[in-house]
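Understanding the architecture of this molecule
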Amino acid sequence: MEDKWQEAYEFAVEVARKAGAEIRKAGDSEIKVNTKSSSVDLVTQTDQRVEKIIFSALKGKFGEGCHRFIGEESTVDSCVLTDKPTWIIDPVDGTTNFVHGFPFVAVSIAFAVNKELEFGVVYSCMEDKMYKARRGQGAFCDDEPIYVSDVKEIKKSIIISEHGTDRSPEKVKKIFSTMQKILCIPVHGLRGSGTAATNMCLVACGAVEAFFEIGIHCWDIAAGAVIVREAGGIILDVNGGPFDLMSRRMVSANNEIIANRIIKEIEIFPSPRDDGKPQLE
Ligand SMILES: O=P(O)(O)O[C@H]1[C@H](O)[C@@H](O)[C@@H](O)[C@@H](O)[C@@H]1O
Ligand SMILES: [Mg+2]
């Protein structure tokens, strides 16, 4: 049977690598910082320019007719998944890191058809590491197969959590209360790279056991979701239900035991969905 999406997958890897090179060479002139949802939710000209580069490469190859595009800096098509082939893109995941020269910045490109994620590509451009996965065909870093950790005891785990860009006191209180409860299980450690896409790849390659966050967006996690699953991991909603790409919350983990142990400690707070539908409790 013809494999319809292999060419698109390989092209996405090429585009991610080129986009990463553009990020690396962006000089100080481009790091003119603007803000979005809060004074700490940063965006730069590089975010906008690199998204344009990615979009024009994909539209040039696949046309604008039947493919839809969801991108952090434009969301020309609203964040509603249809059955149409849909690209879900974060051109610079870890923008704050990029502005500060903190070396974890990723290009995240995911592709969905019939509302199912077909492949994900995450290029950690400062590390020059290419993570990728196609549904049902395994996960890779620089073409080497990667697998989640086999740790089942929470007290032998490292957990990643991020505080996000919302600084409202009630949310910050819940985020840090959750972190405190997890830290004092105790786990071996808490970490965070500052980019959700990279955090998910760290789960996929077994460097950490889980990453959870409330407040991320579909473009931050769509590619990482494919990579975690194909590396043998699991992704759930923070309430233990099924993962919902547009819900702006998730737990990704090496196995169900670790995922459910983390879920027990998470203090959930509301976060408006990417697709505008009412948020679940
Ligand atoms: O760099 P972004 O694309 O804005 O996403 C980041 C976010 O800024 C940061 O606060 C964390 O939520 C990360 O998990 C996101 O990837
Ligand atoms: Mg992002």
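Residues numbered from 1 in each chain as written. Chains lettered and ligands numbered in written order. Predicted model: local features only at pLDDT ≥ 70, side-chain atom pairs only at ≥ 80, totals over all residues. Heavy atoms only, no water.

Condition: UniProt positions are given in the numbering used here, feature names are shortened, and annotations may be inferred rather than shown by experiment.
In the nomenclature of an unreviewed UniProt entry, the chain is known as Inositol-1-monophosphatase of Gouania willdenowi. Word for word, the UniProt comment on the chain under Pathway (unreviewed entry) is "Polyol metabolism; myo-inositol biosynthesis; myo-inositol from D-glucose 6-phosphate: step 2/2."

**Here we look at the site of ligand 1**
This is how it is decided: When at least one non-hydrogen atom of a residue lies within 4 Å of a molecule or strand, that residue is treated as near it. Two N or O atoms form a polar contact when they lie within 3.5 Å of each other; inside protein one atom must be a possible hydrogen donor and the other a possible acceptor, and for residues adjacent in sequence the pair counts only when both atoms belong to side chains. Only the protein chains shown count as covering a residue, and every accessible area follows the Shrake-Rupley method with a 1.4 Å probe.
As a structural note, the neighbourhood of ligand 1 is formed by 15 residues, with Asp-93, Gly-94, Thr-95, Ala-196 and Glu-213 the closest of them. Within the side chain of Asp-90, an N or O atom sits 3.0 Å from an oxygen atom of ligand 1. Asp-93 is positioned such that a nitrogen or oxygen atom in its side chain is 2.6 Å from an oxygen atom of ligand 1. For ligand 1, the protein covers 91% of the area, taking 370 Å² as the surface of the free molecule.

**Side note on the pattern of salt bridges**
This is how the line gets drawn: Salt bridges are identified by distance alone: a Lys or Arg side-chain nitrogen within 4 Å of an Asp or Glu carboxyl oxygen. Each helix is a run of H or I in the DSSP string that is no shorter than four residues. Each strand is a run of E no shorter than two, and both are numbered from the N terminus. Burial status follows relative accessibility: with a 1.4 Å probe on protein chains alone, a residue under 20% of its type maximum counts as buried, one over 50% as exposed, and anything between as partly exposed.
Scanning the entire structure with this criterion turns up 20 salt bridges. Linking Arg-135 and Glu-118 is a salt bridge whose minimum nitrogen-to-oxygen distance equals 2.7 Å. One end of the pair, Arg-135, is in the loop between strand 7 (129-134) and strand 8 (139-141); the other, Glu-118, is in strand 6 (residues 116-124), and 17 residues separate them in sequence. Overall, the relative accessible area of 8% leaves Glu-118 in the buried class. Here Asp-244 makes a salt bridge to Arg-273, at a shortest N to O gap of 2.8 Å. Of the two residues, Asp-244 sits in the loop between strand 13 (234-236) and strand 14 (249-253) while Arg-273 sits in the segment after helix 7 (256-265), which places them 29 residues apart along the sequence. By relative accessible area, Arg-273 is classed as buried at 10%.

**Remarks on helix 2 (residues 45-62)**
The condition is simple: Take the number of residues in a helix, subtract one, and multiply by 1.5 Å to get its expected span. Note: the arc covers the axis-to-C-beta directions of the helix. In what follows, residue pairs with any heavy atoms lying within 4.5 Å of each other are defined as contacts.
Spanning 18 residues, helix 2 covers 25 Å between terminal C-alpha atoms, matching the ideal 26 Å at 1.5 Å per step. Those residues of helix 2 lying buried are Thr-46, Asp-47, Val-50, Glu-51, Ile-54, Phe-55, Leu-58 and Phe-62. Along the long axis of helix 2, the arc covered by the buried residues comes to 155°, so they all point the same way. Exposed and facing more than 90 degrees away from the buried side of helix 2 are Lys-52 and Gly-60. Turning to helix 2, the residues buried within the fold contact helix 1 (6-25), strand 2 (42-43), strand 3 (68-71), strand 4 (86-93), helix 3 (95-100) and strand 5 (106-113). If you check the start of helix 2, you find a side-chain oxygen 3.1 Å away from the backbone N of Thr-46, and it comes from Thr-44.

**Examining empty space enclosed by the protein**
Note the following rule: Each cavity reported here is a set of points on a 1 Å grid over the protein atoms alone in which a 1.4 Å probe fits but cannot get out, each pocket an open set with protein on both sides within 12 Å along at least five of seven lines, and each lining residue one with an atom within 4 Å of a point. Grid points are joined across faces, edges and corners, and a volume is the space filled by probe spheres set on the points. As a working rule, the residues Ala, Val, Leu, Ile, Met, Phe, Trp, Tyr, Cys and Pro are called nonpolar, Asp, Glu, Lys and Arg charged, and the rest polar, with Gly in that last group.
Throughout the structure, instances matching the rule amount to 1 cavity of 30 Å³ or more. A volume near 100 Å³ is recorded for the largest cavity. Lining the largest cavity, in full, are Ser-161, Glu-162, Lys-174, Ile-175, Thr-178, Phe-212, Glu-213, Ile-214, Ile-266, Glu-267 and Phe-269. Elements supplying a minimum of two residues to the lining of the largest cavity: helix 4 (169-183) and strand 12 (210-214). A breakdown of the residues in the lining of the largest cavity according to their chemical character gives 5 nonpolar, 2 polar and 4 charged.

**Focus on the pairing of strand 10 (residues 158-161)**
Stated formally: DSSP-based pairing: two strands are paired if at least 2 bridges between them are found. When the strands point away from the viewer, a crossover counts as right-handed if the path from the first strand over the helix to the second runs clockwise.
Taken together, the 3 bridges between strand 10 and strand 11 (residues 189-191) define a ladder with parallel strand orientation. Paired with Ile-160 across the two strands is Arg-191, which belongs to strand 11. Handedness of the strand 10-helix 4-strand 11 crossover: right-handed. One ladder, built from 3 bridges, connects strand 10 with strand 12; its direction is parallel. Residue pairing in the sheet places Ser-161 in a bridge with Phe-212 of strand 12.

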